[in-house]
Amino acid sequence: MTSLPSPQQLRYLVALAEHGHFGRAATACAVTQSTLSSGIFALERQLDAALLERTGGKRPVFTPLGRELVGRARTALAALTALVETVDTARDPLTGPLRLGTIPTIGPFLLPRLMPRLRDTFPRLRLWLREDITDRLVESLDGGRLDLLLLALPCDCGDIESVTIAEDPFHVAMPPTHALAQMTEILPASLAGERLMLLEDGHCLRDHALSACGLPGAATSEEFAATSLHTLVQMVGGGLGLTLLPGIAVTGGVTAGANVATRPLVGAFGRRIALAWRARSPRAEEFRALVPAIAAALHGS
């Protein structure tokens, strides 16, 4: 009978797949490169199967079987994490470390209001934060490196459970001298023919904005994609075009000091701010207990 892989061997395999480099994977696992390489080689011997192609190249190349096992390793590690979480939750819910991931179009505008509330409501909770784009946060959630996500729906987020906390409608941002700035609210048809500035690929807000811009004739400016909402606002203020901003960013002061006017976009255009965790997590009820505090921070109550 084939001996079972150790959790450490599975971590080595997943880290190598995620980082695509033996040195960086070893650093992520807090071991030497030779230790990581030996661990994966030992795993191959245990399974009597080649997981990596021995091509002599600098970047690891997984065999088809190796790629399949990376996915199964993530699932196995998440299950082990859930086992430990079950014990921790039963012992003392919402105490100790909690690893929260958030996207850049939510975190900077919500966390300053949320963190004081969480400290007051759950004084023994220690929150560790990571900000990144949705795809990488979901990958970290799947791999057990994060416990919770604050993200925007809809998204292709895999096997997660989520609870919607608030609707986040879009606002149109434009220079104050733009003709649309004379309106109190903007009809979608009014954006036809306007150049829309968007965040670069990888940001879910870009996808949500493009979805909202099933707006006939609206053109996007691909050569001027921005990496953050603050940069996007400055580009709009410089007269390069218009953009759509989420309401949480507008109320959070993203346009402060910029030569930009904002008006609400009429209709059901926007996104949903949600809290998400691994499907079937034993801590689901514990996580749901955070929702009132997050909702209060979002609404400023």
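Since we're looking at a predicted model, the values are computed, not measured. (Residues numbered from 1 in each chain as written. Predicted model: local features only at pLDDT ≥ 70, side-chain atom pairs only at ≥ 80, totals over all residues. Heavy atoms only, no water.)

(A) Structural context of the overall build of the protein chain. A count of helices and strands for the protein chain gives 11 helices and 9 strands. Projected onto the principal axes, the alpha-carbon positions of the protein chain cover approximately 75 × 50 × 30 Å. When each of the 301 residues of the protein chain is scored for burial, the buried share is 47%. If you take every contact in the protein chain between residues at least 6 apart in sequence, the share linking residues at least 24 apart comes to 76%. Counting 28 positive and 29 negative side-chain charges, the protein chain places the centres of these two groups 6 Å from one another. (Helix = DSSP H or I, 4+ residues; strand = E, 2+ residues; numbered from the N terminus. Buried < 20%, exposed > 50% of the residue type's maximum accessible area, 1.4 Å probe, protein only. Contact = heavy atoms within 4.5 Å. Lys, Arg positive; Asp, Glu negative; His and termini not counted. Charge placed at Lys NZ, Arg CZ, Asp CG, Glu CD.)

(B) Inspection of the pairing of strand 2 (residues 125–131) at higher detail. Across 7 bridges, the pairing between strand 1 (residues 96–102) and strand 2 is parallel. Looking at strand 2, one finds that Arg 99 is bridged to Trp 128. On the question of chirality, the crossover connecting strand 1 to the parallel strand 2 by way of helix 5 (residues 107–121) is right-handed. (Pairing = 2+ DSSP bridges. Right-handed = clockwise from strand over helix to strand, strands pointing away.)

(C) The environment of Thr 164, seen in detail. Mapped onto the elements of the fold, Thr 164 is located in strand 4 (residues 160–174). Taking C-alpha positions, Thr 164 is 9.7 Å from Ala 295, a pair spaced 131 residues apart along the chain. Leave out the neighbours within four places in its chain, and Thr 164 touches Leu 153, Arg 272, Ile 273 and Ala 274.

(D) Seen up close, the pattern of salt bridges. For the structure shown, the criterion picks out 10 salt bridges. Residues Asp 159 and Arg 280 are paired through a salt bridge, measuring 2.5 Å at the closest nitrogen-oxygen approach. Residue Asp 159 is found in the loop between strand 3 (148–153) and strand 4, and its partner Arg 280 is found in the loop between strand 9 (270–278) and helix 10 (284–288); the two are separated by 121 residues along the sequence. We classify Asp 159 as partly exposed; its relative accessible area is 48%. Using a relative accessible area of 62% as the deciding quantity, one classes Arg 280 as exposed. Between Arg 283 and Glu 286 there is a salt bridge whose closest N-O contact spans 2.9 Å. Here Arg 283 matches Glu 286 in class, with each residue buried. Counted as one network, the salt bridges with shared partners bring together Glu 18, Arg 74 and Arg 145. (Salt bridge = Lys/Arg side-chain N within 4 Å of Asp/Glu carboxyl O.)

(E) Representation of the confidence of the model for the protein chain in the model. Summary statistics for the protein chain give a mean pLDDT of 86 and a share of 90% for residues scoring 70 or more. For the protein chain, strand 6 (residues 219–220) is the element with the lowest average pLDDT, namely 49, and strand 8 (residues 261–264) is the one with the highest, namely 96. Scored below 50 in pLDDT, residues 215–219 shows 14 contacts in the model against residues more than four places distant or in partner chains. (pLDDT = per-residue confidence, 0-100.)

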